[in-house]
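Secondary and tertiary structure notes
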Amino acid sequence: MSLYDGVIDWGIKRAQNSKMIALGFHSVIDGLVKVDSQKIGNLDIPIPRDLSEIPDSIKCAEDFWKGLIFSFVNGSALQLMIGSKEVYEWIMKTFGTGTLRLGGTSANMAKGLVPFPFEKILVYVYPLKKEIATLFPNSKNLFVVGKKGLDHPINAYDGEGIDAIHWIFEFSEGQSITINGKTYTCPRSNRFIASWNPVNSKLEVRDPFKSYVIDHAEEISHFLVSGFHIMQDIYPDGETIEDRIDELLKFIKAVKDKNSKMKFHLEFASIRRDRVRKAVEEKLFSRFDSLGLNEVELSWIARDMGYDGKDILNLDVERISRVISKIMKGNLSRVHFHALGFYLLALRNYDLESQKKALAFASLAAAQRAMDGEINLERFKYMLDVPEKYDYKEWEEKGIHFVLFPTKVVPYPKITVGLGDTISSLGFVLG
Ligand code: 8BR
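My aim in this report is to walk through the structure given alongside it, one point at a time.

**Notes on the overall build of the protein**
Helix and strand counts for the protein stand at 16 helices and 20 strands. Taking 2.2 N^0.38 as the reference for a compact globule, 431 residues should give roughly 22 Å; the C-alpha atoms of the protein span a radius of gyration of 21 Å, in line with that estimate. Dimensions along the principal axes, computed over C-alpha positions, put the protein at roughly 60 × 50 × 45 Å. Taken across its 431 residues, the protein has 54% of its residues classed as buried. Taking all contacts inside the protein whose residues are at least 6 apart in sequence as the whole, residues at least 24 apart take part in 73%. On the protein, roughly 18,900 Å² of surface is accessible, and the fraction owed to carbon and sulfur atoms is 48%. Treating the 56 positive side-chain charges of the protein as one cloud and the 57 negative ones as another, the clouds have centres 1 Å apart.

**What to know about the packing of aromatic side chains**
All chains considered together, the criterion is met by 31 aromatic pairs. Relative to phenylalanine 288, the ring of phenylalanine 264 lies with its centre 6.1 Å away and its plane at 90°, an arrangement referred to as edge-to-face. Placement of phenylalanine 264 in strand S15 (residues 263-267) and of phenylalanine 288 in the loop between helix H10 (274-284) and strand S16 (290-294) is noted, with a sequence separation of 24 residues between them. Taking the centre distance of 5.4 Å and the plane angle of 55° together, the rings of phenylalanine 361 and phenylalanine 380 count as tilted. With a gap of 19 residues between them, phenylalanine 361 in helix H14 (residues 352-372) and phenylalanine 380 in helix H15 (residues 380-383) connect regions that are remote in the sequence. Of the residues examined, phenylalanine 380 reaches a relative accessible area of 0% and is grouped as buried.

**Looking at the pattern of salt bridges**
Applying the stated criterion across every chain, the model contains 24 salt bridges. Across the pair lysine 34 and glutamate 170 runs a salt bridge, and its minimum N-O distance is 3.1 Å. One end of the pair, lysine 34, is in strand S2 (residues 28-34); the other, glutamate 170, is in strand S10 (residues 165-171), with 136 residues separating them in the sequence. Owing to a relative accessible area of 67%, lysine 34 belongs among the exposed residues under this scheme. Each of Lys202, Asp237, Glu239 and Arg244 takes part in one network of salt bridges that share partners.

**Some words on the sheet that holds strand S5 (residues 78-82)**
In sheet architecture, strand pairing relies on hydrogen bonds along the backbone and comes in two forms, parallel and antiparallel. Strand order across the open sheet formed by six strands is S4-S5-S13-S10-S2-S6, with mixed pairing between neighbours. The open sheet has two free edges, formed respectively by strand S4 (57-58) and strand S6 (99-103), since each of these has just one partner strand. The strands touched by helix H4 (residues 85-95) within the sheet are S2, S4, S5, S10 and strand S13 (190-196), with S10 carrying the most contacts at an inclination of about 50°.

**Comments concerning the site of the ligand**
Every one of the 14 residues lining the ligand counts as a neighbour, but Asn294, His338, Ala339, Val410 and Gly420 are closest to it. Between the ligand and the protein, one listed contact pairs an oxygen atom with a side-chain N or O atom of asparagine 294 at 3.1 Å. Looking at the shell around the ligand, the elements that each hand over two or more residues are H14 and helix H16 (419-430). In terms of residues, the shell around the ligand owes the most to one element, H16, which gives three residues. A per-class count over the shell around the ligand returns nine nonpolar, four polar and one charged.

**A word on the sheet that holds strand S11 (residues 176-179)**
Here three strands make up an open sheet; going across it, the order is S3-S11-S12 and the pairing mixed. Lying at the two open borders of the sheet, with one neighbouring strand each, are strand S3 (42-43) and strand S12 (182-185). For S11 and S12, the ladder comprises four bridges, and the chain directions are antiparallel. Looking at S12, one finds that serine 176 is bridged to threonine 185. Packing of helix H3 (residues 61-74) onto the sheet brings it into contact with S3, S11 and S12, and relative to S11 it is tilted by some 130°.

**Remarks on H3**
Its 14 residues give H3 an end-to-end C-alpha distance of 20 Å, which sits within 8% of 20 Å, the value for a rise of 1.5 Å per residue. Counting buried positions over the 14 residues of H3 gives ten, a clear majority of the element. Those residues of H3 lying buried are Asp63, Phe64, Trp65, Lys66, Gly67, Leu68, Ile69, Phe70, Ser71 and Phe72. Glycine 75 lies just past H3 and shows a positive phi near 65°.

Calculation criteria
- Residues numbered from 1 in each chain as written.
- Predicted model: local features only at pLDDT ≥ 70, side-chain atom pairs only at ≥ 80, totals over all residues.
- Heavy atoms only, no water.
- Helix = DSSP H or I, 4+ residues; strand = E, 2+ residues; numbered from the N terminus.
- Rg over C-alpha atoms; globule rule 2.2 N^0.38 Å.
- Buried < 20%, exposed > 50% of the residue type's maximum accessible area, 1.4 Å probe, protein only.
- Contact = heavy atoms within 4.5 Å.
- Areas by Shrake-Rupley, 256 points an atom, 1.4 Å probe, with all protein chains shown as cover.
- Lys, Arg positive; Asp, Glu negative; His and termini not counted.
- Charge placed at Lys NZ, Arg CZ, Asp CG, Glu CD.
- Phe/Tyr/Trp six-rings, centres within 6.5 Å; stacked < 30°, edge-to-face > 60°.
- Salt bridge = Lys/Arg side-chain N within 4 Å of Asp/Glu carboxyl O.
- Pairing = 2+ DSSP bridges.
- Axes fitted to C-alpha atoms, helices over the stretch in contact; angles between N-to-C directions.
- Near = heavy atom within 4 Å.
- Polar contact = N/O pair within 3.5 Å; in protein donor to acceptor, adjacent residues only side chain to side chain.
- Nonpolar A, V, L, I, M, F, W, Y, C, P; charged D, E, K, R; others polar.
- Expected span 1.5 Å × (residues − 1).

Right, dumping it as structure tokens:
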């Protein structure tokens, strides 16, 4: 029997029987800008050779150009936070907003979950202005907490304006720019992301969402948390990342006091700042039930623990499982690692059969979304014919059950952005 037999019908039924699923705290507007080299002209800036020469946030125009040039010349993706209002205004004046699209881990997950018959997907959006509200899909099972309780974002927004934007500067293979009078060609299509999100950088859980979730905790079965990658080490008012994480833990405790059965998932995402990443690892991992991440993210965690991150990037399964075993402390009893071609799931005390089916469903969804650009349940069946390239494996080590699950990979993906969010969220809520 194949790992994928009967999985589509199983996933639909499972979704139909679901309770409310909550998603916080990272919903933003992405502004897509196709970089026009002609407009940039000659840049008089030294080219950063490696990541150590890149500032950890954008504090002036030169920092911005350094990040962009690094991505462009090396063909590698890079994301930096914008650290000053002046630079934000300068980028807005220079490039405009670009084409607006819904972005952020929580909004991406919402977009990936609403096409399925889940009863209620509740997403945190702050500030809920018209511009972001209108970018959400028009689905009956999608909700925010508005002034009058649960509502679709389009009926609940308050005012207009763009307070937070994640600019995605895209460039294509073969495109060239001039730096210090010399021409450089982009080796691979890629992007540089510059994010402005000061209102959410403290990851504050605000009302009315906060009190709604505490009051209605019994109705919620799963809560997926993300947004740490936009946090700072120390804030201008002296608060630290550790203070902010303690505040989040108070919220989680208040919710758990009302519903101890609710499962919490942490979606890691690319946390570049060392102190923020370590605070998440040390203070949060053991307090969550489940963790989702990719090979780059796990390689950073491995490095923080004193291991070599390269083995993880090279997808050495033994090393990956060793690092995962080390982080599974306290409540953390499920880790879903995803890479191209396979998932590695580590479990303690879970229903293995439904976890495996959930992975298969997530794999079909990711492949179909990669192929067509958006989820279309009708087309899942065609993904069943895509061959897997890895062999299924299952083993146990020090009380942890590991599953190496072969996934469907489509040859010419239309999109890859947001696929990790689809994989992690479906795997967690269906499992
Ligand atoms: P992140 O968003 O966390 O980087 O995760 C991306 C995931 O998307 C990969 O781990 C892989 O599982 C999946 N993926 C990619 Br990238 N390309 C894919 C493709 N062509 N078909 C199916 N899945 C893909």
